[in-house]
Amino acid sequence: MRYYLTILLFVFIISCKEKSPKFSGNNMETQVDSILDANGFNGVVLIAKDDSILYHKAKGFSNLETKTSLQLEDQFVIGSISKQITAVLIVREYEKGKIRLDDKINKYLTDISQPWSKEVTIHQLLTHTHGIVAVEKPLLFKPGTQFKYSQIGYELLANILEKINNEKSFETIATGFFRKHNLNNTFHPNNKEYKNLVNGYEEDENGEMIFEKNSLYNYVPAGSFISNAEDLYNWNKLLYSGKLVNGKTLELMKKKYATRIHPIFDTVGYGYGLLFKNGEENVEIGALGYAPGFVSASYYYPLTKINVVVLENTSRSLDDFKEKFNPHLEVMKLVKAIVVK
C-alpha cells in the first residue's frame, strides 16, 4: 500500500511540474514572439531577470513611411509611466526634509487664487485624490474623499519642484537627475538632445495609421517623458533596489492609497505613480503608458525579480484600450504566470 501511495505522489508531483511551463531559452523566445506576431506588434520588448536579459527585440518600423527598421536603442514617448518619475523626484525632496507630504500646496504655489490651494496636499496630488479639474475652477469633490485620475495634479507637482529648487525649470531638474543616474536615453521633451525618438502613429476610423504630431504635449510630468527599453529596465533596477529612494520611502510609493476603476485592469490600487491589483504590490507593480501614437508598459515582478518593458509606436483599436494594450497585457500575463528557474 505504501508503495502505491509513493507512486501516486510521484506522478502527482510530475504532473504539477508539467503544468508550469519554464520561462527560459527558446521556449520563452518562441512564446513572446508568438504573442507579438499575432498582434501585429510594432515596437521594442525587453524582459530581464536581475542583470540577465532574457528577451530583447525590436519588431517593425520607426517610420512607417520610409520603412525604417526599429532599433533596440530607439526612444518612445512613455505616457503615464512618466508619473512615477515625477513621484520619485517629489519624494526625494521629502527625504531631504524640504517638503512634507501633508503640506498644503499654497505653501509653495502662492499664485493660485482658488481657495482649494489651502486644502489640497502634496500627497493628494500624488494619489489623484485632490479633485482639481483646472487651476481656475472649483474642486470636483472634497480633497481626499474620491479618486479622479488627473494629469494636472502631476503638473502641479512639477511646479512645486521648481519652487523648492530655486526656480530651476522642471526640465533642468529632470535632466540633472537622469544624467546623475546614467539614464542617458531618458529626456524631458524640451531637451532636444534626444536623437532616436521614433514616430508615433494613431489608427484612424478607416484603419489607416496616421503620424501623430501631438505626442509630446500631454503634461510632461504626467505623460510625456521620452525613454527607451533599456533605460526603463535600468530605472526599475534602481528604483526597486533602493538606489533612488530609501526602503521606507519606496514602501510609501507602493502603498495603496486609493482604488481606481481602471479601463484595462478593472479595479487597481494606486500608490505614488505606481499601480497594482489589490494586494499584489509585491507580485506585479508598475504602470501602463499611453500618449497619442505610443502605447507602453513597464512592470516589475518582485517575487521573481523580472522586469518587463513593452514599447509600441503604433496605437490601434481607437478607444478600445484593452485591445490597444493587448500585446503588452499578454506578455505581462505570460511573465506573471510562468515559473522562472
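Up top is the structure.
Predicted, not measured: the structure shown is a model, and the values here were computed from it. (Residues numbered from 1 in each chain as written. Predicted model: local features only at pLDDT ≥ 70, side-chain atom pairs only at ≥ 80, totals over all residues. Heavy atoms only, no water.)

## Description of the pattern of salt bridges
This is how the line gets drawn: The term salt bridge refers to a pairing of a side-chain nitrogen on Lys or Arg with a carboxyl oxygen on Asp or Glu at a separation within 4 Å. Runs of E in the DSSP output that reach at least two residues are strands. Runs of H or I that reach at least four are helices, and both are numbered from the N terminus. Exposure classes here rest on a 1.4 Å probe applied to the protein chains alone. A residue is buried below 20% of its type maximum, exposed above 50%, and partly exposed in between.
Inspection of the entire model under this criterion finds 16 salt bridges. Between Lys 57 and Glu 29 there is a salt bridge whose closest N-O contact spans 2.7 Å. A residue pair is termed long-range when its members are at least 10 positions apart, and Lys 57 in strand 2 (residues 52–59) and Glu 29 in helix 2 (residues 25–38) qualify at 28 residues. Residue Lys 57 is classed as partly exposed on the basis of its relative accessible area, which comes to 24%. Looking at Glu 29, the relative accessible area reads 30%, which means it is partly exposed. Residue Asp 102 pairs with Arg 100 through a salt bridge whose shortest N-O separation is 3.1 Å. In this structure Asp 102 comes out as partly exposed when scored by relative accessible area, which is 43%.

## Details of the sheet that holds strand 15 (residues 314–315)
The line we're drawing: Pairs of strands are assigned from DSSP output, requiring at least two bridges between the strands.
The strand order across the open sheet built from three strands is 7-6-15, with neighbouring strands paired in mixed fashion. Looking at strand neighbours, the two that pair on one side only are strand 7 (209–211) and strand 15, the edges of this open sheet.

## Digging into the packing of helix 3 (residues 82–95) against helix 5 (residues 152–164)
Note the cut-off: Here an axis means a line fitted to C-alpha atoms, over the contact stretch when the element is a helix, while the angle between two N-to-C directions is reported on a 0 to 180 degree scale. Handedness of a crossing follows from how the near helix is turned relative to the far one, being left-handed for an anticlockwise turn of less than a right angle and right-handed for a clockwise one. In what follows, residue pairs with any heavy atoms lying within 4.5 Å of each other are defined as contacts. All amino acids are sorted into three groups, where Ala, Val, Leu, Ile, Met, Phe, Trp, Tyr, Cys and Pro are nonpolar, Asp, Glu, Lys and Arg are charged, and the leftover types, Gly among them, are polar.
Contact geometry for helix 3 and helix 5: axes closest at 10 Å, N-to-C directions at 35°. Note on packing geometry: the crossing formed by helix 3 with helix 5 is left-handed. Contact with helix 3, carried on its side by Lys 83, Thr 86, Ala 87, Leu 89, Ile 90 and Glu 93, involves Tyr 154, Leu 157, Leu 161 and Ile 164 of helix 5 and no other residues of that element. A breakdown of the residues in the contact of helix 3 with helix 5 according to their chemical character gives seven nonpolar, one polar and two charged.

## Brief notes about the side chain of His 130
Applied cut-off: Polar contacts here mean pairs of N or O atoms no more than 3.5 Å apart (in protein, one a potential hydrogen donor and the other a potential acceptor; neighbouring residues in sequence count only if both atoms are side-chain atoms).
Along the chain, His 130 turns up in the loop between helix 4 (122–127) and helix 5. Here the side chain of His 130 touches Ile 132 through a polar contact of 2.9 Å, landing on its backbone nitrogen. Polar side-chain contacts of His 130 include one of 3.5 Å to the side chain of Ser 150. For His 130, the contacting residues outside a window of four places in its chain are Val 120, Gln 124, Leu 125, Leu 139, Phe 141, Pro 143, Ser 150 and Gly 153.

## Some points on the environment of Ile 81
On the secondary structure map, Ile 81 appears in the loop between strand 5 (76–77) and helix 3. On the basis of relative accessible area, Ile 81 is assigned to the buried category, the value being 1%. If we skip the residues at most four places from it in the chain, Ile 81 touches Leu 232, Ala 287, Leu 288, Gly 289, Ser 296, Ala 297 and Ser 298.

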